[in-house]
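# Chains, contacts and geometry: an overview
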Amino acid sequence: MPEPGSGTRLEPAPRLGRCQDFPLSGAVQLEANAGTGKTYALVHWVLRLIVETGAELKDVVLVTFTDRACDELRARLAALLMQAESLLDVPAGQEPTGDLADWLRQRAQALGHARLRQALVYARHCADLAQVHTIHGFAQRCLAEFAGIRAAEVVGTRQVLTDAVRDTWRRLLVEEA
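Residues numbered from 1 in each chain as written. Predicted model: local features only at pLDDT ≥ 70, side-chain atom pairs only at ≥ 80, totals over all residues. Heavy atoms only, no water.

### Thoughts on the layout of surface pockets
Quantified by volume, the second largest pocket comes out at close to 240 Å³. Taken together, 16 residues make up the lining of the second largest pocket; nearest its centre are Ile50, Val51, Gly54, Arg115 and Ala119. Secondary structure elements with two or more residues in the lining of the second largest pocket: α2 (38–53) and α5 (113–125). In terms of residues, the lining of the second largest pocket owes the most to one element, α5, which gives 6 residues. (1 Å grid on protein atoms, 1.4 Å probe; cavity = no way out; pocket = protein on both sides within 12 Å on 5 of 7 lines; lining within 4 Å. Points joined across faces, edges and corners; volume = space filled by probe spheres on them. Helix = DSSP H or I, 4+ residues; strand = E, 2+ residues; numbered from the N terminus.)

### A look at the side chain of His44
Note that His44 resides in helix α2. Here the side chain of His44 touches Tyr40 through a polar contact of 2.8 Å, landing on its backbone oxygen. (Polar contact = N/O pair within 3.5 Å; in protein donor to acceptor, adjacent residues only side chain to side chain.)

### Overview of the pairing of strand β4 (residues 131–134)
Where burial is concerned, the two faces of β4 agree: the one with Gln131 and His133 and the one with Val132 and Thr134 are both buried. Two strands pair when backbone bridges link them, and strand β3 (residues 61–64) and β4 are joined in this way by 4 bridges, in the parallel orientation. Looking at the pairing, Leu62 lines up with Val132 of β4. (Buried < 20%, exposed > 50% of the residue type's maximum accessible area, 1.4 Å probe, protein only. Pairing = 2+ DSSP bridges.)

### Points about a nonpolar patch on the surface
Judged by side-chain polarity, Val61, Val63, Phe65 and Ile135 come together as a nonpolar surface patch covering roughly 380 Å² of accessible area. Turning to its location among the elements, Val61 is positioned in strand β3. (Patch = residues over 30% accessible without salt bridge, like charges linked within 9 Å, V, L, I, M, F, W, Y side chains within 5 Å. Areas by Shrake-Rupley, 256 points an atom, 1.4 Å probe, with all protein chains shown as cover. Salt bridge = Lys/Arg side-chain N within 4 Å of Asp/Glu carboxyl O.)

### Re α5
With 13 residues, α5 extends 18 Å from end C-alpha to end C-alpha; this agrees with the ideal 18 Å at 1.5 Å per step. When α5 is considered as a whole, its buried residues turn out to be Leu116, Leu120, Val121 and Ala123. What you see down the axis of α5 is that its buried residues fit within an arc of 165°, all on one side. Opposite its buried face, α5 presents the exposed residues Ala114, Arg115, Gln118 and His125, each directed more than 90 degrees away. Looking at the buried positions of α5, the neighbouring elements they touch are α2, α3 (67–88) and α4 (99–111). (Expected span 1.5 Å × (residues − 1). Arc of directions from axis to C-beta. Contact = heavy atoms within 4.5 Å.)

Note that all results are geometric; they support no functional claim without further evidence.
Spelled out as structure tokens, the structure:
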């Protein structure tokens, strides 16, 4: 796991061309205000990882703040994989234009159409294996995987407060006695 702050920090931009600047190894930290294209940039970066490095979705971890953002990332990633696959299936002479279509054509020339299509189909079928977590969900997963602590073993806030109140009452009662 990379050290905190050791990842590449990038600002998002709503173009696939900007995603070409993202490194294909190591950690990437993407921070920006709402509506600036973070989700767009992330799902296109994941597509690049799949196509250009052969990465599998189960090996890519995306961490965000809310459950809603996790759902959005999963949905947009699945949609992008379907879109990319469908762009490869367009008959000759009817090729669409645009950043994604142009990039896919370049990758198909470099990798071979069949190999690229196979990678996209496989990724689409494995989309439910994408590691998309909230910060808290990721922390729970790390605790379970690396420290052997399951989420059920982590004491909740309510239990901590209950224990603190009991301890306080015990101390007060002992001091008065």
